[in-house]
Amino acid sequence: MSAVKTRFPPSPTGHLHLGGARTALFNWLFAKHHGGAFLLRFEDTDRERSKQEYVDSIKEALEWLELFWDEGPYFQTQRLEIYADYAQKLFKEGKAYYCECSPEVLEEKRKKALAEGRKPKYDGTCREKGLGPGPGRVLRFKCPQTGTTVVEDLIRGAVAFENQELDDFVLVRPDGIPTYQFAVVIDDLTMGITHVIRGDDHLSNTPKQILLFEALGATPPKYAHVPMILGPDGSRLSKRHGALSILAYRDEGYLAQAMRNYLVRLGWSYGDQEIFTLEEMIEKFDLSRVSKSPARFDPDKLLALNAHYIRQEDTERLAEMVLPFLLRLGIKIDNPKDEKFLKAVESVKPRARTLKEMAEMMAFYFVPEVEYEEKAARKFLKPDILPVLEELLDALKNMPAFEEKALEDLFRGLAEKHQLKLKHVAQPVRVALTGRTVSPGLFEIMDILGKETVIKRLEKALQHIREAS
Ligand code: GLU
């Protein structure tokens, strides 16, 4: 067999969604597994709906997922001459014919067929008319009307189609633009595609495409149709879950490797292994392990996987990654390699499930003024704690340096003296320093904030209590 070549051929009429991204990933992995090439092609013959904006965003999403293409991107609208040549060849060989049936007449016949419970199908009116090209005429494929076309699907096995069920489908429209069915075959043929891996919504197109390959005297590629992705409740994927653009996940703070890992498990499995490095995916990916039944999108699992990848990620790299999310909160970090900044990242790394969450969790370190969550302030910044906090503030001012051990001793001593539990001292301080009741370890954050900021924030909390009482 010649070297494997796969393709991803999106129509640039929308952003790249979960399903498309999975198709791209499977094609990419299959090619890489076999040491082959992966090609990107834009099927932009629908000029009305195709937009440069979508070309850009699809490329951006693939690049984000690191699914780099070895060839392309090709654009079908730049290949019109090639399709015209092949159309002429089929016409000259009597394998395609021109048809002058008007859309209105065809529509009438279609309605009639439906009303009579027949499958609508072109009735072959122009099949033997011997028409040449002309205004308003389409070129149709002279589809064999007998026999069977078998799709030897690499996932589902053999699927047979009766040729008489297929109709003389259109290859070229009156304006000279090829249909999807025709352009895809000419592209797959001329680009040397060996394997077509795509959603099973295309299965019914495959016999037509195989017959076209045969009419051109060529061997079709091998086909694999991947079952669709359903929503968490088993219904179609909706906007709410999963029909989101892949870039929306990036913008929500998902890591590319988590997304890839999640996508690969949508319909493919390797024993009960859940976590795969990219190298492992390439090594293990195989169409025989793709499930024959639909996959279900589970946003909680994606989130858990993302949390896993955040915990695994190198802190310095995370520090870089979280910068744009902090910026969105109005926090600009001048030096992401700064030791305190890295410590701040480290302190939220075990808890954050997305980079966005991470930025929100660590924002308190950098804001000029802490804002108290209302409930937190009401519960913990109360007059009864005032004497304790005043004493704490004095002691902190006299501490030469903030060391975790010394801080802990101080807090414990204070709690004991006032006959309180440690948490009764710690929580008000936590609210004073972070505005919230949940945060990384208190002594850890005191170390990161530094003496000056801690003192400033405690003074502000004291003031708040005095004013509120
Ligand atoms: N442009 C088609 C789509 O986006 C490609 C189908 C195929 O893989 O042949 O669905």
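Every value quoted in this text rests on a predicted model; they were computed, and no experiment measured them.

> Please explain the site of the ligand as it appears in this structure.
Near the ligand you find Arg7, Pro9, Pro10, Ser11, Glu43, Tyr180, Val184, Arg198 and His202, and these make up its full shell. Between arginine 7 and the ligand, the recorded distance is 2.7 Å, taken from a side-chain N or O atom to an oxygen atom. The separation between an oxygen atom of the ligand and a polar side-chain atom of histidine 202 is 2.9 Å. Isolated, the ligand exposes 300 Å² of accessible area, and the fraction of that covered by the protein chains is 80%. Of all the cavities here, the one that holds the ligand is the largest pocket. When its residues are assigned to classes, the shell around the ligand shows four nonpolar, two polar and three charged.

> It is not clear to me how the sheet that holds strand β3 (residues 71-75) should be interpreted in this structure. Could you clarify?
Across the sheet, which stays open at both edges, the three strands sit in the order β1-β2-β3 with parallel pairing between neighbours. The open sheet is flanked by β1 (5-8) and β3, the only strands paired with a single partner. Each neighbouring strand pair of the sheet contributes to a mean axis angle of 25 degrees, computed without reference to strand direction. Across three bridges, strand β2 (residues 37-42) lies against β3 in parallel orientation.

> So what exactly am I meant to see when it comes to the pattern of salt bridges here?
Working definition: two side chains of opposite charge can pair if their charged atoms are close together. One pass over the structure, following the stated rule, counts 40 salt bridges. Between aspartate 70 and lysine 32 there is a salt bridge, with its nearest N and O atoms 3.0 Å apart. Of this pair, aspartate 70 sits in the loop between α2 (52-64) and β3 while lysine 32 sits in helix α1 (residues 18-33); the two residues are 38 residues apart in sequence, bridging distant segments of the chain. Classification of lysine 32 as partly exposed rests on a relative accessible area of 24%. Lysine 129 is the salt-bridge partner of glutamate 100, the closest N and O atoms lying 3.2 Å from each other. Highlighted residues: glutamate 100 in the loop between β4 (96-99) and α4 (103-115) and lysine 129 in the loop between α4 and β5 (138-141), separated in sequence by 29 residues.

> Help me understand the nonpolar core in this model?
The nonpolar side chains of a soluble globular protein tend to be buried with one another. Core analysis: the largest hydrophobic core is formed by 115 residues, its most contacted members being Met362, Leu396 and Met446. If you tally residues by element for this core, the top one is α1, at nine residues. By size, the runner-up hydrophobic cluster in this structure holds 40 residues, among which are Phe169, Leu171, Phe213 and Tyr223.

Thresholds, definitions, all that
- Residues numbered from 1 in each chain as written.
- Predicted model: local features only at pLDDT ≥ 70, side-chain atom pairs only at ≥ 80, totals over all residues.
- Heavy atoms only, no water.
- Near = heavy atom within 4 Å.
- Polar contact = N/O pair within 3.5 Å; in protein donor to acceptor, adjacent residues only side chain to side chain.
- Areas by Shrake-Rupley, 256 points an atom, 1.4 Å probe, with all protein chains shown as cover.
- 1 Å grid on protein atoms, 1.4 Å probe; cavity = no way out; pocket = protein on both sides within 12 Å on 5 of 7 lines; lining within 4 Å.
- Sits in = over half its atoms within 2 Å of the grid points.
- Nonpolar A, V, L, I, M, F, W, Y, C, P; charged D, E, K, R; others polar.
- Pairing = 2+ DSSP bridges.
- Helix = DSSP H or I, 4+ residues; strand = E, 2+ residues; numbered from the N terminus.
- Axes fitted to C-alpha atoms, helices over the stretch in contact; angles between N-to-C directions.
- Salt bridge = Lys/Arg side-chain N within 4 Å of Asp/Glu carboxyl O.
- Buried < 20%, exposed > 50% of the residue type's maximum accessible area, 1.4 Å probe, protein only.
- Core = buried A, V, L, I, M, F, W, Y, C linked by side-chain atoms within 4.5 Å.

The values reported here are purely geometric and, on their own, carry no functional implication.
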